[in-house]
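The lines below spell out each chain.
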Amino acid sequence: MRFSEIIGNDLLKEQLVRMVRAGRLGHAILFNEENGGGAFAFAMALAQYLNCQDQGEADSCGVCPSCHKYQKLIHPDLHFVFPVSASSLLSESEKKGPISDYFLTRFRELALADPYFTEQMLYDAIGVENKSGLISVNEAKRIFEKLSLRAAEGSWKTMIIYLPEKMNLDAANKLLKLLEEPPTGTLFLLISHNPERLLQTIRSRCQAISLQPLTREQRRRVGSAG
């Protein structure tokens, strides 16, 4: 995802690029969006820009090996966490402790098809249509494991957490420890619909950015692009 591909919030594109080029990007950003408001697209464009091998003044190049992997959501230094629940798609053993990794193929398919996806679209895609997802302590342990490793290819490891307000208390406390002492070269990008439901201590360690709601015309363009 390149910034030029994102519909709406043009000033935010410029702001994020300036932060990167001035070296003022913190280790954690909390995006606040309306459901389906495009924060995932911004998170992906930022992550791709950071590790682009031919970074331009306003956008990633879109053609280097790193960009190609980000555009397919398969870069080894890009990680995703999102609320999940037991699903018929899982084995019996997986149902006992579902985590995002079990659903990554379907998540990638959804996000590539529509980076403006909604929470319900996510649940439909991973087979938990009639339930509310959760980010459990098992997920938080996996975050620790992934971020304890060195970056495989890029200079930045990026952890995108969709709906961090869905974390239970144990998971939230583990995430807080990571935000307090972030691993070197790690960027946390949190996408929230209800940031007030997050622990205040987590919010205080993130740079808060609110996306402007898309206009009716922008929504129409999003729909036609999908």
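Everything below is about the structure printed above this text.
Residues numbered from 1 in each chain as written. Predicted model: local features only at pLDDT ≥ 70, side-chain atom pairs only at ≥ 80, totals over all residues. Heavy atoms only, no water.

A closer look at the environment of F103
Selection criterion: Think of it this way: any DSSP run of H or I at least four residues long counts as a helix, any run of E at least two long counts as a strand, and we number them from the N terminus. We call a residue buried when its accessible area falls under 20% of the maximum for its residue type, exposed when it is over 50%, and partly exposed in between, using a 1.4 Å probe and counting protein chains only.
Looking at the element boundaries, F103 is found in the loop between α4 (92-95) and α5 (104-113). Its relative accessible area of 2% is what places F103 among the buried residues.

Let's talk about the sheet that holds strand β5 (residues 207-210)
Quick reminder of the rule: Two strands are counted as paired when DSSP detects at least two bridges linking them. A fitted line through C-alpha atoms represents every axis, and for helices the fit uses only the stretch in contact; the resulting angles, taken between N-to-C directions, go from 0 to 180 degrees. Only heavy atoms enter the contact rule, under which two residues are in contact if any of them lie within 4.5 Å.
Sheet architecture is open: five strands sit in the order β2-β3-β4-β1-β5, paired in parallel fashion. The two strands at the open ends of the sheet, each matched to only one other strand, are β2 (78-81) and β5. The sheet shows a mean angle of 20° between the axes of neighbouring strands, direction not considered. By the bridge criterion, six bridges tie strand β3 (residues 157-162) to strand β4 (residues 186-192) in an arrangement that is parallel. The residue bridging I161 from the neighbouring strand is L190, located in β4. Contacts between helix α2 (residues 39-51) and the sheet are confined to β1 (28-32), β2, β3 and β4, with β4 contributing the most and set at about 170° to the helix.

Let's talk about the nonpolar core
Definition in use: Throughout, nonpolar core names a set of buried Ala, Val, Leu, Ile, Met, Phe, Trp, Tyr and Cys residues whose side chains join them through atoms within 4.5 Å.
With 52 residues, the main nonpolar core has L16, F31, L46, F80 and F82 as its most contacted residues. Listed by contribution, the elements that provide at least two residues to this core are α1 (10-21), β1, α2, β2, α5, α6 (119-126), β3 and β4. Here the element with the most residues in this core is α2; it accounts for 11 residues. Excluding residues that lie within four positions of it along the chain, F31 makes contacts with L16, A39, F42, A43, L189, L190, I191, S192, I209 and L211. Grouped together as the second largest cluster of nonpolar side chains are 21 residues, L147, I161, L176 and L178 included.

Looking at helix α8 (residues 169-180)
As a reminder, the rule being used: Expected helix span is computed as 1.5 Å times (number of residues minus one). The directions from the helix axis to the C-beta atoms form the arc being described.
Helix length check: α8, at 12 residues, gives a terminal C-alpha distance of 16 Å against a target of 16 Å (1.5 Å per residue), a fit within 8%. Listed in full, the buried residues belonging to α8 are A171, A172, L175, L176, L178 and L179. Axial view of α8: buried residues confined to an arc of 160°, hence all on one face. Exposed positions of α8 whose direction lies more than 90 degrees from the buried face are L169 and K177. Where α8 is buried, its residues meet β1, α7 (137-147), β3, β4 and α9 (200-204).

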